[in-house]
Every structure is written in structure tokens, then in C-alpha cells.
Amino acid sequence: MLTPQELLPSDPSFPQQFAIAGGAWGWYRTHTTQAWDVTKGDPSVVVAILDTGLKTQGLADYDGQIATGWNVLKSSTDTSLYAGTHGTYVAGVVGLALNNGTGSAGYCPGCRIMPVQVGTDSGAYMSFVSPSLSGTD
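Here's what I pulled together on the structure shown here. (Residues numbered from 1 in each chain as written. Predicted model: local features only at pLDDT ≥ 70, side-chain atom pairs only at ≥ 80, totals over all residues. Heavy atoms only, no water.)

### Considering the overall build of the protein
Applied cut-off: For the purposes of this entry, the term helix denotes a DSSP run of H or I that reaches at least four residues, the term strand denotes a run of E that reaches at least two, and both are numbered from the N terminus. Relative accessibility thresholds used throughout: buried, under 20% of the residue-type maximum; exposed, over 50%; partly exposed, between the two (1.4 Å probe, protein chains only). Throughout, a contact is declared for two residues whenever any of their heavy atoms are within 4.5 Å. Using a 1.4 Å probe, accessible areas were evaluated by the Shrake-Rupley method; residue-level cover was limited to the displayed protein chains.
Per the secondary structure count, the protein includes four helices and three strands. Put simply, the protein runs from its N terminus to its C terminus through helices and strands in the order α-α-β-β-α-β-α. Within the protein, the proportion of its 137 residues that are buried is 32%. Taking as baseline every contact in the protein between residues at least 6 positions apart, the subset at least 24 positions apart corresponds to 71%. Just so you have it, the protein exposes about 7,900 Å², and 58% of that area is on carbon and sulfur atoms.

What follows is the structure in C-alpha cells.
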């Protein structure tokens, strides 16, 4: 049985047309909706995002998408403490939920995200990103 290809999700912030001016340039160039015809990921796949942490407050798109993370700066599991916007954005590109009628959709909406806060929006030390690079800040 053949099924329709490249169905657009119901998420209101996902561009509803593939014209570059329509905002879907990245999804069009990477053939994301075509990839979703093959797989949307799996909750057993956890993608670590080493960035500025994750602010999930008020963002329903992250519900059920987050695995326990680590805040390198504070040696805790609270990755929202002093979280920057960059890490939240990157995590969303990777794994926002799909077809939940809110926000947008990530490249791997079936995957889970593990936020690892290694810096702030002002930057990060290499020793926080990779302890083996200690001394090369």
C-alpha cells in the first residue's frame, strides 16, 4: 500500500509550505519530512545537547521529550538553572514533539533530549565541554 509522502505536521509554528520564503528552508534542504516517512526516532534514542541548558517552563513541546541531564557548571541535574536560550533552541531543533498542536517539530521528534549545561549564552570553557581538554580554555 502506498502512503502519502511529505505530510506536514499539525504544529502551528511548523512552516506549512516549502517555499524558502515560507520559512521551511532547513526542512526542505534536509528532506526532513521525507525522513519522517521512514522514521521519527524512538524514545530509546537519547540525544545529548551540550549547550546552555534547557528552559522548558511554558513549552509543552518538551513534555515527555526530556531525559535527566547534567549541569556541569553547578554539578547538579538542574539544567534550567541559569539556562540560556541557545541550548533551548538547539534542543528544540533536535527533538520537539511532533503533531501535538503546539509549537513546531524537531528533526527527531520521537527521540529524547538529554540537556547538558556546559555554558551560558556568554560562552563556555572548553574544559567544561571536554574535561580532557583541561588547560585549553
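Having seen the model, we can carry on.
### Section: the sheet that holds strand β3 (residues 112-117)
Under the convention used in this document: Two strands pair if DSSP finds at least two bridges between them. Axis geometry follows a simple rule: fit a line to the C-alpha atoms, using only the stretch in contact for helices, then measure angles between N-to-C directions, giving values from 0 to 180 degrees.
Spatially, three strands are ordered β1-β3-β2 in an open sheet, and the strand pairing comes out parallel. Edge positions in the sheet fall to β1 (46-51) and β2 (70-71), since each of these pairs with one other strand and no more. Direction of pairing for β1 relative to β3: parallel, over a ladder of six bridges. Each bridged residue has a counterpart across the sheet, and for I49 the counterpart in β3 is P115. Packed onto the sheet, helix α3 (residues 85-95) meets β1 and β3 and runs at close to 155 degrees relative to β1.

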